Amino acid sequence: MKHSLSRFLSDYGMIFVLLLLCAFFSVVTNSEQSPTGEAAAKQVISAIQEQFGKTPRVLVAASDRPGDTAFAASIDRELTASGAHVVAIVKGEPKDAREALVKINAAGGKLDAIACTQATGAWLVFSDLKTDFPALGEPRIVTPRGYRWPNFLKPDNLLNIANQIAVIAIVAIGMTMVIVTGGIDLSVGSLLALSAVLAARFIRDFAGGVNATTSGMLLACVAAIVLCGVVGAFSGAMITQFSIPPFIVTLAMMLVGSGVAYILAEGQSIYQIPDSFVWLGRGADFISLPNAVVLMFILYALAHILMSRMKLGRYLYAVGGNGEAARLSGVPVKPVLMFAYIASALLAGLGGVIMASQLKSGSATYGNMYELYVIAAVVVGGTSLSGGEGKMLGTLTGAFTIAVIQNGMNLTNVESYTQKVVLGLVILGAVLVDKLRHAR
Amino acid sequence: MSDAGPLLEMRGIVKSFPGVQALRGVDLSLLAGEVLALLGENGAGKSTLMKVLGGAYHADEGTVTIGGRQTAIHSPQDSRSAGVAVIYQEFNLVPGLTAVENIFLGQEVTRAGFVAQKQERKRAAALFKRLGVEIDLDAPCRRLTTAQRQLVEIAKALAFDARIIVMDEPSAALTSHEVERLFEIIPDLKSQGIGIIYISHRLDEIFTIADRVTVLRDGKNVGERPISQIARNEMIELMVGRELKDEFPARSRRIGAPRLQVSGLRRGRAVRDVSFVVRRGEILALTGLVGAGRTETVRLIFGADPREAGEIRLDGIVLDIRSPQDAIAAGIGLLTEDRKLQGLVLGHSARENFGLPNLTWLSRRGFVQLGSEREHFARFVDQLRIKAPNQEQRAGNLSGGNQQKVVLAKWLARNCDVLMFDEPTRGIDVGAKYEIYLLMNELVLAGKSIVMISSELPEVLGMADRILVMHKGRVTGEIADARRATQEQIMQLAVA
């Protein structure tokens, strides 16, 4: 039991680094939050009912942002239902509120309370109601109570992190397999762009552009991904049949893939795509998780099972750990390597389709430098570049570590050039920590 | 250097690793101009002791005194500047650099920051002359033979005036002729006042070259004698800690019908028209000098290298073997010569290594049956007495004998009909050797066929039923009854 715990720690030590980072950014971004929408409305309603009974006269003041609109609508509905008189609803700016107050004041109407959000409650127009609008009586400003909560931990922000990293994390699955075999795949960034352009072009040219059907789009995406797989098979064949180092082969395919993507896109971005195409990248059908994120988790679960429980996974590790010993033990080394490069290319293709869906267009500029971020995710996740070891869930942790650092720096207003410096040092630091842990 | 005291004195050396106490207070002394043989089974602590001396490990306790002065050794540099040169089994030469560059690596002769190449060449040439050998000074070391590389290592030691030279299994990769050459050089070194610590499993060599022996067992000294006062049996008993009646266990022979028949095997200059038959229940020894084409022959049968011509039959049926996968599927296993490079994935666990050739039957619908893998491996751990803390131990952390047993286990589990063992006992201690011999006997009794490659003639004579001798890629002779063969007879055929 103790043994398995220490093994778990050594396999997944990066998780603790990730949690520490999350804790750090939570503390740093802890700040006053102003509730909006229905939750804020509920607070204000109960406060008004407590102080003024069932039938007060109320003015509702809100800005025209979506959360505030819901806030205003909710108060109007609830208070009216309980017998209160909602004199007016202001949706907009302080001058709208002034107009409304002037009107009520002129009509000699009284007001008991003004229901505000935190932002509207601070409007200057409400600061001296007694002298400005004496006819109103002495209306009280009622605002929802603020609370402290880290910006980092807001559900929207967490989803944002997951959404931003989904593409890199998915491509990193294939990269992990390749690196475990002792290889490297530099072509994934270019394949991502190629796949996005291919999918967009297929939809524009063959599936009917903006009027494309679901099955048309599906076919276009599958075709784009499969073509990427063909490129991966070509790389794999070069590596296994002619023993060219993977670095060289995939470097060449990186240039070829990127060039072909630019040629096919004719240097432009292709956007003649139906609106429904964004379902994969932006839709959220399952407990408000974005579809791309759900897909990412499913793929990681499958890849984890493959690597830890299946014969093929064992073979991938063996080929990377000692290719000659594996071959002499009857491992079909060449097919195993082919699988790794094809899988990497297919997943890069899938990444391209997701990106095209997120941005609702296909362009050859997508995925620029992604191969390096993907490799960084794999390496930060504890996979050794010399092959033979590494864990799929480690890579997921690595991808999230990078995303959390980027996101945290955005929240704390670190400028983008500094972000690059920090990210570079963090990657180095993560690998260093890993080395020291193993040297012990 | 004073003549009175010993050249090297190690006292009470203690070194422990997590979970293992490798050295428990070992003493060792070496006189100037003496060859001290350091003996012990694998895991007895010889290598650890030498790594402490060489600065690769730092001892927990104990003192090292060199030339009468207590010396703190914290790094290989410390050890080197104290005059100690350790020549490991895996040579520390940069393959792409020439002999001269390797000799002066890290101690280049420079003038104003530039390497004084002419002077280095001159000094290297002088060193090789002193050793009485000729080596191409400009060839990159990867093109030198193993024996030549070893000489470069010795020259390197002399170049920085080493007074103590440690040789770890220097003869393991040498042909018998090359070993003789090495044995001509060692007395020269002795006469120059250099003390040599010589580690070897080959007892014959020890009697030829050593002046004194120190035996370790389980990290402790168990005996120290002048070579003239110890007999071979006594030496073995000291090493294994029990009485050993025979080096080779006896067995009854039940040899049946031909099983593996190869004819006209050919590949380049390494294997030229090799044909032979192995029968059921037979151990066929394939011997000859290193480079005679023995390993190449079994690799062709196993499909590890493509063959240019030749036919392989198993029980009369022609096999189309194009890869190790095909051979394994047909029931042929190969225990490779180099277990670290070819036999094991050192970074993976013993269990995973065991499973590698067996996953085809240990998995169902692509999923590895982990439980059943663990069960089968546990059975072999028991049967072969593999000493490991648990199945998840990294193969690289096991001792040589236990590594070899893991490799054996993986082939035994495969239940091959024909097993080809390439140097099955190389670098393995006496006790483990005996166990492997017992196992080979059991296998042939069960009707399996074994092809054994071995350079150790006593082993060939002790184990084989029939002997094939190879020379320059051809079979130069067959000795049908190994029981009546002699070492001289084999050597005659081997150099023919």
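Residues numbered from 1 in each chain as written. Chains lettered and ligands numbered in written order. Predicted model: local features only at pLDDT ≥ 70, side-chain atom pairs only at ≥ 80, totals over all residues. Heavy atoms only, no water.

Caption draft 1: Layout of the domain arrangement of chain B. All names here are of chain B. If you check the domain split of chain B, you get domain 1 (8–240) and domain 2 (258–495). At the junction of the two partners, domain 1 supplies 13 residues and domain 2 supplies 15 residues. In total, domain 1 and domain 2 occlude about 1000 Å² of area from one another, counting both sides; carbon and sulfur atoms represent 57% of this. When residues of the side of domain 1 that touches domain 2 are assigned to their parent elements, the largest contribution, three residues, is made by helix α8 (residues 232–240). Grouping the amino acids of the side of domain 1 that touches domain 2 by side-chain chemistry returns five nonpolar, four polar and four charged. (Domains from an automatic or database assignment. Contact = heavy atoms within 4.5 Å. Buried area = accessible area lost by both parts, 1.4 Å probe. Helix = DSSP H or I, 4+ residues; strand = E, 2+ residues; numbered from the N terminus. Nonpolar A, V, L, I, M, F, W, Y, C, P; charged D, E, K, R; others polar.)

Caption draft 2: Spotlight on the nonpolar core. In this structure, A:Met177 and A:Met296 are the most contacted members of the largest nonpolar core, which totals 108 residues. Residue contributions to this core peak at 16 residues, all from helix α8 (residues 155–180) of chain A. Once you skip the residues sitting within four places of it in the chain, A:Met177 turns out to touch A:Ala303, A:Leu306, A:Met307, A:Leu316, A:Phe339, A:Ala340, A:Ala343 and A:Met392. Membership of the second largest hydrophobic core comes to 74 residues, among which are B:Val298, B:Leu319, B:Ile490 and B:Ala494. (Core = buried A, V, L, I, M, F, W, Y, C linked by side-chain atoms within 4.5 Å. Buried < 20%, exposed > 50% of the residue type's maximum accessible area, 1.4 Å probe, protein only.)

Caption draft 3: The arrangement of the interface of chain B and chain A in detail. Listed per partner, the contact involves 33 residues of chain B and 22 residues of chain A. For the pairing of chain B and chain A, the buried interface totals around 2200 Å² over both sides, and the portion due to carbon and sulfur atoms is 55%. Residue B:Glu373 is joined to A:Arg314 by a salt bridge in which the shortest nitrogen-to-oxygen separation is 2.8 Å. At the boundary of chain B and chain A, one finds nine residue pairs in polar contact (both at pLDDT 80 or more). Residue assignment for the side of chain B that touches chain A shows that the elements contributing at least two residues are α9 (294–302), α10 (324–330), α11 (339–343), α12 (350–355), α13 (359–362), β20 (367–368), α14 (370–383) and α15 (400–414) of chain B. Of all the elements, α11(B) adds the most residues to the side of chain B that touches chain A, at four residues. (Salt bridge = Lys/Arg side-chain N within 4 Å of Asp/Glu carboxyl O. Polar contact = N/O pair within 3.5 Å; in protein donor to acceptor, adjacent residues only side chain to side chain.)

Caption draft 4: Just the domain arrangement of chain A, in detail. Assigned domains within chain A: domain 1 (37–147) and domain 2 (152–439). Once you take the C-alpha centre of each, domain 1 of chain A and domain 2 of chain A turn out to be 52 Å apart.

Caption draft 5: Quick look at the sheet that holds strand β23 (residues 466–471) of chain B. Residues and elements named next belong to chain B. Judged by pairing direction, the sheet is mixed, and its six strands sit side by side in the order β18-β21-β22-β15-β23-β24 without closing on themselves. Here the strands that pair on one side only, and so sit at the sheet edges, are β18 (332–335) and β24 (474–479). Across the sheet, the mean angle from the axis of one strand to that of its neighbour is 20°, orientation sign disregarded. Two elements, β23 and β24, share five bridges in a ladder whose sense is antiparallel. Bridge pairing in β24 links Met470 to Val475. Contacts from α9 reach β15 (283–288), β18, β21 (418–422), β22 (449–453) and β23, with the element oriented near 145° to β18. Each of β15, β21 and β22 touches helix α16 (residues 430–445); the most contacted strand, β22, lies at about 145° to it. (Pairing = 2+ DSSP bridges. Axes fitted to C-alpha atoms, helices over the stretch in contact; angles between N-to-C directions.)

Caption draft 6: Focus on the packing of aromatic side chains. Throughout the structure, instances matching the rule amount to nine aromatic pairs over all chains. Through a chain of ring-to-ring contacts, the aromatic side chains of A:Phe24, A:Phe25 and A:Phe152 assemble into a single cluster. Sitting above the plane of the B:Phe160 ring, B:Arg80 keeps its charged end 4.6 Å from the centroid. (Phe/Tyr/Trp six-rings, centres within 6.5 Å; stacked < 30°, edge-to-face > 60°. Lys NZ or Arg CZ within 6 Å of the ring centre and 35° of its normal.)

Caption draft 7: Quick look at the environment of B:Ala309. All names here are of chain B. In this fold, Ala309 is placed in strand β16 (residues 309–314). Remark: the alpha-carbon pair of Ala309 and Arg266, spanning 43 residues in sequence, is separated by 5.1 Å. Excluding its chain neighbours within four sequence positions, the residues that come into contact with Ala309 are Gly264, Leu265 and Arg266.

Caption draft 8: Region of interest: the side chain of B:Arg299. Within the element layout of this structure, B:Arg299 appears in helix α9. Within the structure, the side chain of B:Arg299 is placed 3.5 Å from the side chain of A:Glu324, a separation counted as a polar contact. When sequence neighbours within four positions are dropped, the list of residues in contact with B:Arg299 reads A:Glu324, A:Arg327, A:Leu328, B:Ala304, B:Asp305, B:Leu334 and B:Gln342.

Caption draft 9: Spotlight on the pairing of strand β6 (residues 84–87) of chain B. Residues and elements named next belong to chain B. Burial along β6 is two-sided: the residues Val84 and Val86 and Ala85 and Ile87 are all buried. Pairing between β6 and strand β9 (residues 164–168): four bridges, direction parallel. In the sheet register, Val84 faces β9, and the bridge partner there is Ile164.

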